[in-house]
Amino acid sequence: MAKFTEAGLTFDDVLLVPAYSDLQPGEADTSARLSRGITLRIPLISAAMDTVTEARMAVAMARQGGIGILHRNLSIEDQAQQADLVKRSEAGMVTNPVTCSPEDTLADVERLCATYRISGVPVTDETGVLVGIVTNRDMRFETDHSRPVREVMTQMPLVTAPVGVSRDDAFALLRQNKIEKLPLVDAGGRLRGLITVKDFTKSEQYPLATKDADGRLVVGAAIGVGEDAEKRAAALIDAGVDVIIVDVAHGHSKGLADMIFKLKANSGVEVIGGNIATRSGAQMLVDAGADAVKVGVGPGSICTTRVVAGVGAPQVTAIHEASLAAGPAGVPVIGDGGLQYSGDIVKAIAAGADTVMLGSLLAGCEESPGELIFINGKQFKSYRGMGSLGAVRNRERGGASFSKDRYAQADVGSEDRFIPEGIEGQVPYRGPVAAVAHQLVGGLRQGMWYAGCRTVEEMHTRCELMPITAAGLKESHPHDIQMTVEAPNYHRR
Ligand code: RVP
């Protein structure tokens, strides 16, 4: 006979009890561990969904101090290229710069510049020796785009610096010579790196940015399990991803544990596993060597798992249970899905999460994939579950296999036999990630102030969560008034 557990609680079921506070919201430290080896300045992760995270979102999230996880509804090559785009987007020094050959045409260079959002590229010969540089300035007045680069580029001698030049010396060279790009060369004249003035201005503009040891933005990517996933992981690691999330709907499974174990044994990359919703699920991932565990079975705004399969656990309880296994092992917990307001981030962290993964809250941002949709004068962006029919159909077109979906019965091999666990919809347009993150992190700081906690660790040990009734929830939202203007951090559900 089935056993009954205690009732599970989710965000709307609880509130943090206010506590004595001797800090101001601005003094709260929002940094949190994403995984054993990576710390974020803000505990926000953009979801690995095809309407949420591609390179542009991942760049925006990393610049704010969070991280983006590239979705896997793409061919292996395309997902690896997305990772490459992020790693090359802004860096202290580009270790492997995009280059062209003297025989390429100006049209080729323009394509490269558009793909990587850069203003010019160093020109190298077939042995990798620097022979010139071609930038916007060289190409601006050219009308014949079939001309070869060698006729237009700025030729040697160029201002260059040796590999290992200090940041200050590099900046001095850029300033003294009024140039925007400083190629780094070895003793044989071979191109070894590139420093651009843009990287200096970006560093000032985004002081919290999440960067790797070489000063490049940090990025993650999702994979599944099985042979194909191993190839995907290898390509992503080659492209320089910092963290791989082995992301399946039911993470408490042998396939996931095996995959984590293999990846940890054969690569130096951080490996996160999910999703699970119980203490034993988290324990299995910890034992397999996961660098963080991702929690959430069915809380997502577009997810129908709980009604289709009748399975799941309300998210606050799920996070708490997972943290009871992961916490003592020093493994961070990611609360994935179900968050609608900044207060939900505070509740997730109080329950034991280190960071949260957001789908619907970020899908409406400027930087998410997809065009704006206008309906009755209002702006929306589309948002859909990765287990929805539309996402799986798209996967077919993108060249990835139908059978390797996150949702098990995608294995049936054809669309009309697929059992969806998600729906398709749209969310209001919310502007750039910077503005949305500002509100979300601002709310988190307020919450930490009310709770009297300076750090995420203090939130884990000092907070008290009080279950509330339906009347309590009604009282929490605006009530007994006709709302005429929504606030930037409050929308009606
Ligand atoms: P939300 O932020 O509530 O929109 O939830 C996003 C999360 O929902 C994702 O990070 C993922 O774990 C989950 N998801 C994505 N697709 C589906 C589905 O089709 N069921 N669920």
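Residues numbered from 1 in each chain as written. Predicted model: local features only at pLDDT ≥ 70, side-chain atom pairs only at ≥ 80, totals over all residues.

For the protein, an unreviewed UniProt entry supplies the name Inosine-5'-monophosphate dehydrogenase and the organism Streptosporangium carneum.

Trainee: Outline the overall build of the protein, supporting the account with residue identities and numerical values.
Mentor: When helices and strands are tallied, the protein shows 18 helices and 21 strands. The globule rule puts the C-alpha radius of gyration for 493 residues at 23 Å, and the 24 Å found for the protein is close to it. Within the protein, buried positions represent 48% of all 493 residues. (Helix = DSSP H or I, 4+ residues; strand = E, 2+ residues; numbered from the N terminus. Rg over C-alpha atoms; globule rule 2.2 N^0.38 Å. Buried ≥ 20, exposed ≤ 12 C-beta atoms within 10 Å, placed from the backbone.)

Trainee: Mind laying out the UniProt feature "binding site: NAD(+)" (unreviewed entry) in the protein, listing which residues take part and the relevant values?
Mentor: On the UniProt side, "binding site: NAD(+)" (unreviewed entry) is annotated at positions that read Asp247, Val248, Ala249, Gly296, Val297 and Gly298 here. A maximum C-alpha distance of 13.9 Å is found for the annotated residues, which run over 52 residues; spatially they form one tight group. Relative to the assigned elements, Val297 resides in the loop between strand 15 (292-295) and helix 11 (305-308). Judged by the 26 C-beta atoms lying within 10 Å of it, Val297 is buried. Apart from the residues lying within four places of it in its own chain, the contact partners of Val297 are Asn275, Ala277, Thr305, Val311, Gly312, Ala313 and Ala318. What Gly298 contacts, discounting residues up to four positions off in sequence, is Cys303, Thr305, Arg306, Val311 and Gly312. (UniProt positions renumbered as here; feature names shortened; annotations may be inferred. Contact = placed C-beta atoms within 7 Å.)

Trainee: Before we move on, can you summarise the site of the ligand with the specific residues and values?
Mentor: In the neighbourhood of the ligand, 24 residues make up the surrounding shell, with Gly300, Gly359, Gly385, Gly387 and Gly422 lying closest. Every element with two or more residues in the shell around the ligand is listed here: strand 17 (355-358) and helix 14 (360-363). Of the residues assigned to the shell around the ligand, the class counts are nine nonpolar, 13 polar and two charged. (Near = placed C-beta within 6 Å. Nonpolar A, V, L, I, M, F, W, Y, C, P; charged D, E, K, R; others polar.)

Trainee: Would you mind going over the nonpolar core in detail, with residue names and values included?
Mentor: Formed by 115 residues in total, the largest nonpolar core has its most connected members in Val219, Ile244 and Val293. In terms of residue count, helix 16 (residues 433-451) provides more of this core than any other element does, eight residues in total. Once residues within four sequence positions are removed from consideration, Val219 is found in contact with Ala58, Ala62, Ile67, Gly68, Leu70, Ala83, Val86, Lys87, Val241 and Asp242. Formed by 10 residues, the second largest nonpolar core is a distinct cluster that contains Cys100, Val109, Ile133 and Met153. (Core = buried A, V, L, I, M, F, W, Y, C linked by C-beta atoms within 7 Å.)

Trainee: Explain the domain arrangement of the protein residue by residue, including any values.
Mentor: Segmentation of the protein into domains returns domain 1 (11-89 + 210-476) and domain 2 (106-199). Here the C-alpha centre of domain 2 lies 38 Å away from the C-alpha centre of domain 1. (Domains from an automatic or database assignment.)

Trainee: Describe in detail the UniProt feature "binding site: IMP" (unreviewed entry) in the protein, supporting the description with residues and values.
Mentor: The UniProt record marks Ser301, Asp336, Gly337, Gly338, Gly359, Ser360, Tyr383, Arg384, Gly385, Met386, Gly387 and Glu421 with the feature "binding site: IMP" (unreviewed entry), using the residue numbering of this structure. Residue placement: Tyr383 occurs in strand 19 (residues 378-384). With near-sequence residues (within four places) excluded, Tyr383 lies in contact with Thr51, Ile302, Ser360, Ala363, Gly425, Gln426 and Val427. Here Gly385 shows up in the loop between strand 19 and helix 15 (389-397). Once residues within four sequence positions are removed from consideration, Gly385 is found in contact with Gly300, Ile302, Cys303, Ala391, Glu421, Gly422 and Ile423.

Trainee: Kindly report on the packing of helix 1 (residues 55-64) against helix 16, identifying the contributing residues and their values.
Mentor: Where helix 1 contacts helix 16, the two axes come as close as 10 Å, and the packing angle between them is 45°. If you check the angle between helix 1 and helix 16, you find them oblique. Viewed along their axes, helix 1 and helix 16 form a crossing whose handedness is right-handed. Contacts from Met57, Ala60, Met61 and Gln64 of helix 1 reach helix 16 at Val433, Ala434 and Ala437. Residue composition of the contact of helix 1 with helix 16, grouped by class: six nonpolar, one polar and no charged. (Axes fitted to C-alpha atoms, helices over the stretch in contact; angles between N-to-C directions. Parallel < 35°, antiparallel > 145°, perpendicular 65-115°, else oblique. Left-handed = near helix turned anticlockwise from the far one by under 90°.)

Trainee: Could you give an account of the sheet that holds strand 9 (residues 161-162), naming the residues involved and the relevant values?
Mentor: The strand order 9-10-11 describes an open sheet built from three strands, whose pairing is mixed. Edge positions in the sheet fall to strand 9 and strand 11 (191-196), since each has one partner strand and no second. Summarising the sheet, strand 9 and strand 10 (residues 181-185) pair through two bridges and their orientation is parallel. Residue pairing in the sheet places Ala161 in a bridge with Leu184 of strand 10. (Pairing = 2+ DSSP bridges.)

Trainee: Could you give me a rundown of the environment of Glu230, with the residues and numbers involved?
Mentor: In this fold, Glu230 is placed in helix 8 (residues 227-239). With 32 residues separating them along the chain, Glu230 and Lys262 place their C-alpha atoms 9.0 Å apart.

Trainee: Which residues make up the sheet that holds strand 6 (residues 120-124), and what values go with them?
Mentor: Ordered in space as 6-7-8, the three strands form an open sheet in which the pairing is antiparallel. In this open sheet, the two strands that pair with only one neighbour each are strand 6 and strand 8 (154-155). Bridge count between strand 6 and strand 7 (residues 130-135): five bridges; the pairing is antiparallel. Along strand 7, the bridge assignment pairs Thr124 with Leu130.

Trainee: Explain helix 2 (residues 76-87) to me, using residue names and the numbers behind them.
Mentor: Counted at 1.5 Å a residue, the expected span for helix 2 with its 12 residues is 16 Å, and the 17 Å between its end C-alpha atoms agrees. When helix 2 is considered as a whole, its buried residues turn out to be Gln79, Ala80, Gln82, Ala83, Asp84, Leu85, Val86 and Lys87. Elements in contact with the buried residues of helix 2: helix 1, strand 5 (67-70), helix 3 (106-116), strand 12 (220-223) and helix 8. (Expected span 1.5 Å × (residues − 1).)

Trainee: I'd like a description of unusual backbone geometry, backed by residues and values.
Mentor: The peptide bond linking Met156 to Pro157 adopts the cis configuration, its omega dihedral lying at 0°. Here Pro157 lies in the loop between strand 8 and strand 9. The peptide bond linking Gly274 to Asn275 adopts the cis configuration, its omega dihedral lying at 0°. With respect to the element layout, Asn275 can be found in strand 14 (residues 270-276). A positive phi is found at Lys178, a non-glycine position, where the angle reads about 50°. Checked against the element boundaries, Lys178 lands in the loop between helix 6 (167-176) and strand 10.

Trainee: Any details on the pairing of strand 16 (residues 333-336)? Residues and values, ideally.
Mentor: Every second residue of strand 16 is oriented toward a common face, with Val333 and Gly335 on one face and Ile334 and Asp336 on the other, all of them buried. Sheet topology note: the strand 15/strand 16 ladder contains three bridges and is parallel. Looking at strand 16, one finds that Val295 is bridged to Gly335. Where strand 16 meets strand 17, three bridges bridge the pair, whose relative direction is parallel. Looking across to strand 17, one finds that Asp336 is bridged to Met357. Following the backbone out of strand 16, through helix 13 (residues 342-351) and into the adjacent parallel strand 17, one traces a crossover that is right-handed. (Right-handed = clockwise from strand over helix to strand, strands pointing away.)

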